[in-house]
Amino acid sequence: MISRKRSEFGAPVTFSDQNASSVKDAYIECTSYPEKNYTLSQVEKDVGLQVIAEVKDTSTQTKWAFPKNATTQYYPREFSEEEKSLIGKSKSLVDFFNNVSTSVEVALQQNEIMNTFIDDWKNLAEEESTFGDKTDTHLKEYQSFTDLHNTMEKMITCVSWHPTIFGLIVVSVAVRLSYEERVQNSGRLLLQPSLLLFWSFSDPIHPQLMLESPDDIFCFEFCPSDPNIIAGGCINGQIVLWDITAHADRIENIKTGGHRSKKTSLKPMFLLEPDSNKESMYIRHCAVSSIENGHRKVITDIHWLPDSFEINRMGSVFENRSGINCQLVTCSADCTICFWDIRPQKPAVTAAAAASAATTATNNANSQQSPVEKKKEENIDIPFDVPSTFLHLDLSWKPLSRLKLSKGDTSLDHCPTKLSLGEDPFLCKIQGTSSIHIILRDKMLSQIKMVKTSEINPYQNLEAGIANILKPIEDFCTKFFVGTEEGEVIYTDWKMERDSDTGRLMAKKPVSLYTVHDGAVHTIQRSPFFNDIVLTVGGWNVAIWKEEVMTGPLLQTCCGPKRYTAGHWSLTRPGVFYIGREDGNVDIWDLLEKTHEPAQSQNICITMITYIKPWTFSSKQQFIAVADYYGTLHILEIPWTLSHPSLNEVSSVNYYFEREVRHLEYVQQRKEIREQEKIDMALELVKKKAKIYQKTKEQMEAELKLEYESYLDLEKSVLFALGLSKVSEKKSYLDSH
């Protein structure tokens, strides 16, 4: 600030030169100072970086000087053509190349074998500090979700992580009532909605989406081709389909942190809307199966068939020309396994046929249709919030084929609870410590982006129906594993055959049937590393099977302290799997450490565990979702030792399975040998008896003579003992005879 008297304003000024150092206060210096009211702090800054090798770093003690901008422009010095030709023909250059070429080739080979510039110590330190400690083996609770808005007591029946969105998990809930209590409280249950809840790490209190269904959902699964399509199985036996494509952008914009310190407090966009718009969170189903032609009881398991094949009503396998998942398989407590197709049963007609048929149909429409049918068609209205993706299936969807597993001579059937057709489409086999789901997620995300850019969803155009002419797939394995309520593990074929007597389609006889579990089978899952290794959980024990091995399970645990209720393989360690118990504990099995008991057991909650689902969040962090009977979903962090496999763990576990197969073969051979020995011993005994009855006449006379002599000796000794004869009489008696 510079000030002067007002009276001096406008006075004439004369300028002159003077020495500023000789006159006091001859000049005024205005130095800059920080002003807090107008200070702008730079929060973010865009910086471009390029990673290069560190060439040289020097420093020296020099006197600092004010920097100045300076440029230098020069031309490179080059040899002339004559100098180039002379140097190229010189003997010194040729000798230099001959001496150095061998060393250069060796160095190039070493560079191809390994990276010589990598810092091993630095990488080792980063690996140890990335996630937990190697000595830490316990699951750490990360977060928990509980639905506080529903008044009725519910349990979690199924859990599934979203295939493409990190930090989003979906659960299905059902009222904790028995069948009799459900019938008595049916009127009250109608007032309570049956929901699928979408939980996000960003908001542990409010669900992000709520999918409505006609009845409580017992099982559900995302469509592998499009994660916006979800299929679920109800307790009343109906199948429900949802299409959340319209809400995909909302849930994709959810801010989910990968760690507690990085979690953001931002809420999704639709949670910040006014209270009047909160009802939009409830999403209606777009199709439900026919209750008359579907399952009669609760659907216990549901799976999408892979997009590589499709089947017909006979169970024959054909190529899937649509390239998307169009078929489902379900099993129910009504002793049936059903295959479903989401496409219309009748194929659509061609454009020319449709045009010709339209002209005739318009002329005869008024005469053929009754007024009641016209009125019925006019009254069909689609709610504005329900997509028309599967409108052709709603209330008329029937199974493509129905399979019953008969118990043989009796009229009873097996009651399936879980089944496994083949490899899980959401898991792929990757060896090493990298994430198991990265490749599959990238593939699904690229497909979703392609759909968004082209705005052509294959599920929006299903009017083509099922094609009549399909190319069959030869040598396709149509066998699958089934678990039953009685604890049986059945390996059977879904391809049906016609009965020679009745001509009806019937299921084939099971290839193998073993009753190893003393309770209902809750889990049948194939290993993500070995597709022919199957884990089954039921009753009080756990078993591991190998496909095509008919002599029994590779591993059958002893009776546990509590009943087992859920199980799942580890996604990154082939020898680890998690088992949930009815007392709220989780048993962690490590086949490389122990095979007769769990490696460790940890308490998670105070009630029964109903479902277990691990998930790879990143290459350095894994979670496992544990659901309990009281409706709480526990998210736990998996420690470093349980998520990172050893160097040769895959081969070691594979060797263990092969060794158990050889052990089963040896036991089977010993059983066959013992059976043959029993047969041989029985034959020898029969031969001995036959020899006794086939004696000659001389042998029989000699035996009779010996028996008579022994009788005479006995008679004489008895008379002598009674005093009725003397020794001389005994001798004379023997001599006379």
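In what follows, the structure referred to is the one given above.
Residues numbered from 1 in each chain as written. Predicted model: local features only at pLDDT ≥ 70, side-chain atom pairs only at ≥ 80, totals over all residues. Heavy atoms only, no water.

Peer 1: Any details on the overall build of the protein? Residues and values, ideally.
Peer 2: Secondary structure summary: the protein contains 13 helices and 33 strands in total. Residues counted as buried form 39% of the 737 residues belonging to the protein. Look at the contacts in the protein between residues 6 or more apart in sequence, and 63% of them connect residues 24 or more apart. By element, 54% of the accessible surface of the protein is carried by carbon and sulfur atoms, the whole surface being about 46500 Å². (Helix = DSSP H or I, 4+ residues; strand = E, 2+ residues; numbered from the N terminus. Buried < 20%, exposed > 50% of the residue type's maximum accessible area, 1.4 Å probe, protein only. Contact = heavy atoms within 4.5 Å. Areas by Shrake-Rupley, 256 points an atom, 1.4 Å probe, with all protein chains shown as cover.)

Peer 1: Give a description of the pattern of salt bridges that names residues and reports values.
Peer 2: Opposite charge on two side chains allows them to pair when their charged atoms are near. Here the structure, examined in full by the defined rule, presents 15 salt bridges. The salt bridge partner of Asp95 is Lys91, with a shortest N-O separation of 2.8 Å. Pair noted here: Asp95 and Lys91 are both in helix H2 (residues 91–113), with a separation of 4 residues, about one helical turn. Overall, Asp95 belongs to the partly exposed group, its relative accessible area being 30%. For Lys91, a relative accessible area of 63% translates into the label exposed. (Salt bridge = Lys/Arg side-chain N within 4 Å of Asp/Glu carboxyl O.)

Peer 1: An account of the nonpolar core is needed here, citing residue identities and associated values.
Peer 2: By size, the foremost hydrophobic cluster in this structure holds 22 residues, and its most contacted members are Ile544, Phe577 and Phe657. Top contributing element to this core by residue count: helix H11 (residues 649–693), with 6 residues. Ignoring any residue separated from it by four or fewer positions in sequence, one finds Phe577 in contact with Leu535, Val542, Ile544, His568, Trp569, Ser570, Asp587, Ile588, Trp589 and Leu591. (Core = buried A, V, L, I, M, F, W, Y, C linked by side-chain atoms within 4.5 Å.)

Peer 1: Which residues make up the side chain of Arg343, and what are the values?
Peer 2: Looking at where Arg343 falls in the secondary structure, it is placed in the loop between strand S15 (337–341) and helix H7 (351–368). Of the polar contacts made by the side chain of Arg343, one reaches the side chain of Glu310; its length is 3.1 Å. Polar side-chain contacts of Arg343 include one of 2.9 Å to the side chain of Asp341. (Polar contact = N/O pair within 3.5 Å; in protein donor to acceptor, adjacent residues only side chain to side chain.)

Peer 1: Provide a residue-level description of the sheet that holds strand S26 (residues 555–556), including the pertinent values.
Peer 2: Reading across the sheet, the 4 strands line up as S23-S24-S25-S26 and stay open at both edges, with antiparallel pairing between neighbours. Across the chains shown, the open sheet's two edge strands, defined by having one partner strand only, are strand S23 (521–526) and S26. (Pairing = 2+ DSSP bridges.)

Peer 1: Can you explain the layout of surface pockets? Please cite residues and give values.
Peer 2: Approximately 460 Å³ is the volume found for the second largest pocket. Lys404, Ser406, Met506, Ala507 and Lys508 are the residues nearest the centre of the second largest pocket, which is lined by 20 residues in total. When residues of the lining of the second largest pocket are traced back to their parent elements, those giving at least two are strand S16 (401–403), strand S20 (497–498) and strand S21 (505–506). In the lining of the second largest pocket, the residues fall into 7 nonpolar, 3 polar and 10 charged. (1 Å grid on protein atoms, 1.4 Å probe; cavity = no way out; pocket = protein on both sides within 12 Å on 5 of 7 lines; lining within 4 Å. Points joined across faces, edges and corners; volume = space filled by probe spheres on them. Nonpolar A, V, L, I, M, F, W, Y, C, P; charged D, E, K, R; others polar.)

Peer 1: Tell me what's going on with empty space enclosed by the protein, and back it up with residues and numbers.
Peer 2: Under the defined criterion, the tally for this structure stands at 4 cavities of 30 Å³ or more. Volume-wise, the largest cavity comes out at about 60 Å³. Forming the boundary of the largest cavity are Phe481, Val489, Tyr491, Ser512, Tyr514, Trp545, Lys546, Glu547, Glu548, Val549 and Met550. Across the lining of the largest cavity, the residue classes tally to 7 nonpolar, 1 polar and 3 charged.

Peer 1: Explain the sheet that holds strand S19 (residues 488–493) to me, and be specific about the residues and the numbers.
Peer 2: Taken in spatial order, the 4 strands make up an open sheet running S17-S18-S19-S22, and their pairing is antiparallel. Because the sheet does not close on itself, it has two edges, and the strands there are strand S17 (416–420) and strand S22 (512–515). Averaged over all neighbouring strand pairs, the angle between strand axes comes to 20°, with direction disregarded. Sheet analysis places S17 next to strand S18 (residues 479–484), joined by 4 bridges and oriented antiparallel. (Axes fitted to C-alpha atoms, helices over the stretch in contact; angles between N-to-C directions.)

Peer 1: Explain helix H12 (residues 697–722) residue by residue, including any values.
Peer 2: Here H12 spans 38 Å end to end across 26 residues, near enough to the 38 Å set by a 1.5 Å rise per residue. Looking one or two places after H12, you find Gly723, whose phi comes out positive at around 80°. (Expected span 1.5 Å × (residues − 1).)

Peer 1: Go over the environment of Tyr656, please, and point to the residues and values.
Peer 2: Relative to the assigned elements, Tyr656 resides in helix H11. For Tyr656, a relative accessible area of 8% gives the class buried. Taking the C-alpha atoms as reference, Tyr656 lies 9.6 Å from Leu554; in sequence the two are 102 residues apart. Residues contacting Tyr656, with those up to four places away along its chain left out, are Leu555, Leu591 and Thr595.

Peer 1: Explain the environment of Asp499 residue by residue, including any values.
Peer 2: Mapped onto the elements of the fold, Asp499 is located in the loop between S20 and S21. Classification of Asp499 by relative accessible area gives partly exposed; the value is 25%. Aside from chain neighbours lying at most four places away, what touches Asp499 is Arg504 and Met506.

Peer 1: Can you explain the pairing of strand S31 (residues 609–618)? Please cite residues and give values.
Peer 2: Of all 10 residues making up S31, 8 are buried, and the element is well covered by its neighbours. Taking the residues between adjacent antiparallel strands as the criterion, S31 and strand S32 (residues 621–628) are bridged by 2 residues.

Peer 1: How would you summarise H2 if you had to cite specific residues and measurements?
Peer 2: When the terminal C-alpha atoms of H2 are compared, their 34 Å separation across 23 residues agrees well with the 33 Å that a helix rising 1.5 Å per residue should span. The largest bend along H2 measures about 35° and falls at Val100. (Bend = angle between axes of the 7 residues up to and from the residue.)

Peer 1: If you had to explain the state of the cysteines to someone new, which residues and values would you point to?
Peer 2: Using the criterion set out here, one finds 0 disulfides in the structure. Of all cysteine sulfurs, the one in Cys223 lies closest to Cys326, which takes part in no disulfide; the gap is 8.0 Å. The thiol of Cys559 is unpaired, and the distance to the nearest cysteine sulfur, on Cys558, comes to 7.4 Å. (Disulfide = S-S within 2.5 Å.)

Peer 1: Which residues make up the packing of aromatic side chains, and what values do they have?
Peer 2: Under the definition given, this model contains 25 aromatic pairs. Between Trp161 and Phe201, the aromatic rings sit 6.2 Å apart at their centres with planes inclined by 90°, giving edge-to-face as the arrangement. Pair noted here: Trp161 is in strand S2 (residues 154–161) and Phe201 is in the loop between strand S4 (194–200) and strand S5 (209–213), with a separation of 40 residues, a long-range link. Given a relative accessible area of 2%, Phe201 falls into the buried group. (Phe/Tyr/Trp six-rings, centres within 6.5 Å; stacked < 30°, edge-to-face > 60°.)

Peer 1: Give me the pairing of S19: which residues, what numbers.
Peer 2: Burial within S19 is extensive, with 6 of its 6 residues counted as buried. Taking every second residue as pointing to the same face, both faces of S19 are buried, with Glu488, Ile490 and Thr492 on one and Val489, Tyr491 and Asp493 on the other. Bridging between S18 and S19 involves 5 bridges; their strand directions are antiparallel. Counterpart to Phe481 in the pairing with S19 is Tyr491. Counting the residues between successive antiparallel strands, the hairpin from S18 to S19 contains 3 residues, one of them, Gly487, with a positive phi of roughly 85°. Across 4 bridges, S19 lies against S22 in antiparallel orientation. Considered in S22, the bridge of Glu488 is made with Thr515.

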